[in-house]
Amino acid sequence: MRKEYHYDASENIIGKGEKIEKFMYLKDGLVKLYLDNEIGTDQIVSFARPLDFISILSAFSTDEYQYSVSALVPSNVCVIEMDLIKSFATTNPAFTIDLMKKLSLTTDKILHESLELKRLNLKGKLAMVLHMFSTDIFSSKVFELPVTRKEIAEYAGISTENAIRGLSEFRKDKLIRINGKEIEILEPERLKRIARYG
């Protein structure tokens, strides 16, 4: 019943306004969920990690996707027909409860990240993004940043110029090392404090 599709980095997986016919989860890779508008500026809502349901936010509320999804790195997505999922949901209460729990956890995560970013200053926002990639996504102090400076700015709600300047200040302060797209967190505890209190 399951089909698997491969997407290259930057390839579109879901487009806002498309009809919801499939239930999708990320097998491996990393994707961004974002809102796009007519003037070409995006607002990244969240990043999805392996085993996240990337179609769940709109699946039971409307017939069309209210956001877009694209791959940040080569990613594999598993797809099941939405009618099949809805059939399971109407006949299997335990399945429905698990699905509702996953939807609630996803919504809570997006809400928490959004509220945290709103209360932080510029350095706090950047520290939160770097800390998230280091601990939640890559589980390593050294990683290749899968997003551009512009995408960091879109997620953090700041200008691209401020994102570039802030990362440069972190490097000068010996908080991080930058080598192209590779980032090394030199002082993880200090970065965590800035992400929490900045």
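Residues numbered from 1 in each chain as written. Predicted model: local features only at pLDDT ≥ 70, side-chain atom pairs only at ≥ 80, totals over all residues. Heavy atoms only, no water.

Asker: Explain the overall build of the protein chain to me, please; I cannot follow it from the model alone.
Answerer: Along the protein chain, the regular secondary structure elements total seven helices and 10 strands. Relative to a compact globule of 198 residues, whose C-alpha radius of gyration would be 16 Å, the protein chain shows 18 Å and is just as compact. Across the 198 residues in the protein chain, those meeting the buried criterion constitute 41%. Within the protein chain, residue pairs in contact and separated by at least 24 positions form 69% of the contacts whose partners lie at least 6 positions apart. Counting every atom, the protein chain has about 10700 Å² of accessible surface; 53% of that belongs to carbon and sulfur. One way to put it: in the protein chain the 29 positive side-chain charges average out to a point 7 Å from where the 29 negative ones average out. (Helix = DSSP H or I, 4+ residues; strand = E, 2+ residues; numbered from the N terminus. Rg over C-alpha atoms; globule rule 2.2 N^0.38 Å. Buried < 20%, exposed > 50% of the residue type's maximum accessible area, 1.4 Å probe, protein only. Contact = heavy atoms within 4.5 Å. Areas by Shrake-Rupley, 256 points an atom, 1.4 Å probe, with all protein chains shown as cover. Lys, Arg positive; Asp, Glu negative; His and termini not counted. Charge placed at Lys NZ, Arg CZ, Asp CG, Glu CD.)

Asker: So what exactly am I meant to see when it comes to the sheet that holds strand E2 (residues 12-14) here?
Answerer: One key point about sheets: their strands pair by backbone hydrogen bonds, in either a parallel or an antiparallel sense. The strand order E2-E6-E4-E5 describes an open sheet built from four strands, whose pairing is antiparallel. The outermost strands of the open sheet, each flanked by one partner alone, are E2 and strand E5 (42-48). Across the sheet, the mean angle separating the axes of adjacent strands is 35° when strand polarity is ignored. (Pairing = 2+ DSSP bridges. Axes fitted to C-alpha atoms, helices over the stretch in contact; angles between N-to-C directions.)

Asker: Help me understand the layout of surface pockets in this model?
Answerer: In this approach a probe as big as a water molecule rolls over the atoms, and the regions it shows empty are the leftover space. Considering only enclosed or pocket space, the largest pocket measures out at about 250 Å³ in volume. Lining the largest pocket are His112, Glu113, Glu116, Arg119, Met128, His131, Met132, Thr135, Asp136, Lys192, Ala195 and Arg196. Of all the secondary structure elements, the ones that give two or more residues to the lining of the largest pocket are helix H3 (93-119), helix H4 (122-137) and helix H7 (188-197). Top element by residues in the lining of the largest pocket is H4. It accounts for five residues. (1 Å grid on protein atoms, 1.4 Å probe; cavity = no way out; pocket = protein on both sides within 12 Å on 5 of 7 lines; lining within 4 Å. Points joined across faces, edges and corners; volume = space filled by probe spheres on them.)

Asker: What is the right way to look at the pairing of strand E7 (residues 75-81) in this model?
Answerer: The side chains of a regular strand alternate between the sheet's two faces. Counting buried residues along E7, six of its seven residues qualify, which places the element largely inside the surrounding structure. Two strands pair when backbone bridges link them, and strand E1 (residues 3-7) and E7 are joined in this way by five bridges, in the antiparallel orientation. Considered in E7, the bridge of Glu4 is made with Cys78. Sheet analysis places strand E3 (residues 22-28) next to E7, joined by six bridges and oriented antiparallel. Residue pairing across strands places Leu26 opposite Val77, the latter belonging to E7.

Asker: Looking at this structure, I do not really get the nonpolar core. What am I missing?
Answerer: Considering soluble globular proteins, one finds that nonpolar side chains tend to be buried as a cluster. Core analysis: the biggest nonpolar cluster contains 33 residues, and Phe47, Leu130, Phe133, Leu145, Ile152 and Phe170 have the highest contact counts within it. Residue assignment for this core shows that the elements contributing at least two residues are E5, H4, helix H5 (149-156), helix H6 (160-172), strand E9 (176-179), strand E10 (182-185) and H7. Counting residues per element, this core draws most heavily on H4, which supplies eight residues. Once residues lying within four places of it in the same chain are set aside, the contact partners of Phe170 are Lys123, Leu126, Ala127, Leu130, Leu175, Ile176 and Leu191. Membership of the second largest hydrophobic core comes to 23 residues, among which are Leu26, Ile54, Val77 and Ile85. (Core = buried A, V, L, I, M, F, W, Y, C linked by side-chain atoms within 4.5 Å.)

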